[in-house]
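Observations on the three-dimensional arrangement
Listed below are the residues making up each chain.
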Amino acid sequence: MDNINVLIIEDTPAESDALSKVLIANNYAIVGVARTYAEALDLFYKNTIDIVIIDVFLDGKPEGVTFAETITIVPNGIKPFVFLTSSKDRQIFERAKLTKPFSFLLKPFNELEILYALEMAVEKFYGQTNVFLNEDQNTVISEEYLFIKKNKALKKVRIEDIIYVEVEDRYCNIITDTEKFVVLMSLTKISQFLNPAKFSQTHRNYIVNSSKIEEIIVNDNLVVLKGNHKITLSDKYKDLVRKFRILR
């Protein structure tokens, strides 16, 4: 599991320090703080970035907007971003709006505003149709990650790190090497977003990561996964054994 990587573009040290403190306390990872447009581009292209917080004005010039314009026109450069500013300049706001930010926050910010803005940015970026909600958490599914809300922050879970998914009533338990997540969605729904070449259903209640399978014991209707997780293999899904070593 990885933390969500945030790039901060802010030329006022007190502001960037305050942002960093809030984000780190809520399990976000700060990959860098840029003070200028040039620094921002350098950090953006040298690091794995999930989301960017951008101050509209850098050294008195709207170079934060220029940065947003740059990453929205470069192939594979688009990432979710939010603007943070104290400016009330309507003309600059209209220009910034054209870059399609996911939020536009006024300084001074508060903790919940920032956390909610980042959460909404991730949801909108990956598409509302792939968002699953319950009272305690939500889940956003991309091709490589699940973004699962726990407490006040999102956790980034690599799909390749999932060992198996188990349905329990109206919920699914998502099991990784280090943690268990409970999300409100059906096994059928989550299976639509998992690559069938990498994930296999072994029972009406289980989907497993094929790369985590260590043994298949046909006579016992059992699949043994990494970490000694034992999962039921029903007759309906026994075609799975053709791909793996079989213990008789």
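Bear in mind the structure is a predicted one, so any value in this text is a computation, not a measurement.

Quick look at the nonpolar core
- With 24 residues, the main nonpolar core has L23, Y28, I53, I114 and L118 as its most contacted residues.
- Secondary-structure elements contributing two or more residues to this core are β1 (4-9), α1 (13-25), β3 (51-55), β4 (81-85), α5 (111-126) and β8 (145-150).
- The element contributing the most residues to this core is α5, with six residues.
- In this view, I114 contacts L19, L23, I53, L105 and F109; residues no more than four positions away in its chain are not counted.
- Residues I9, L41, I54 and V56 belong to the second largest nonpolar core, which totals 20 residues.

Looking at the packing of aromatic side chains
- Applying the stated criterion across every chain yields a total of seven aromatic pairs.
- Taken together, a centroid distance of 5.0 Å and an interplanar angle of 75 degrees make the contact between F93 and F104 edge-to-face. Here F93 is found in helix α4 (residues 90-97), whereas its partner F104 is found in strand β5 (residues 103-106), with 11 residues between them in sequence.
- Exposure remark for F93: the relative accessible area of 27% places this residue in the partly exposed category.
- By relative accessible area, F104 is classed as partly exposed at 26%.
- Grouped by ring-pair contacts, the aromatic residues F81, F83, F93 and F104 constitute a single cluster.
- A cation over an aromatic ring shows up here: K156 above the ring of Y145, its NZ or CZ 4.7 Å from the ring centre.

Focus: the sheet that holds β3
- With respect to topology, five strands assemble into an open sheet ordered β2-β1-β3-β4-β5, the strand pairing being parallel. Each edge of the open sheet carries a strand with a single partner, namely β2 (28-34) and β5. In this sheet, adjacent strand axes meet at a mean angle of 20 degrees when their direction is disregarded.
- Here four bridges tie β3 to β4, and the two strands are oriented parallel to one another. Across the sheet, the residue bridging to D55 is L84, located in β4.
- Packing of helix α2 (residues 37-46) onto the sheet brings it into contact with β1, β2 and β3, and relative to β2 it is tilted by some 140 degrees.

Conventions we followed
Residues numbered from 1 in each chain as written. Predicted model: local features only at pLDDT ≥ 70, side-chain atom pairs only at ≥ 80, totals over all residues. Heavy atoms only, no water. Core = buried A, V, L, I, M, F, W, Y, C linked by side-chain atoms within 4.5 Å. Buried < 20%, exposed > 50% of the residue type's maximum accessible area, 1.4 Å probe, protein only. Helix = DSSP H or I, 4+ residues; strand = E, 2+ residues; numbered from the N terminus. Contact = heavy atoms within 4.5 Å. Phe/Tyr/Trp six-rings, centres within 6.5 Å; stacked < 30°, edge-to-face > 60°. Lys NZ or Arg CZ within 6 Å of the ring centre and 35° of its normal. Pairing = 2+ DSSP bridges. Axes fitted to C-alpha atoms, helices over the stretch in contact; angles between N-to-C directions.

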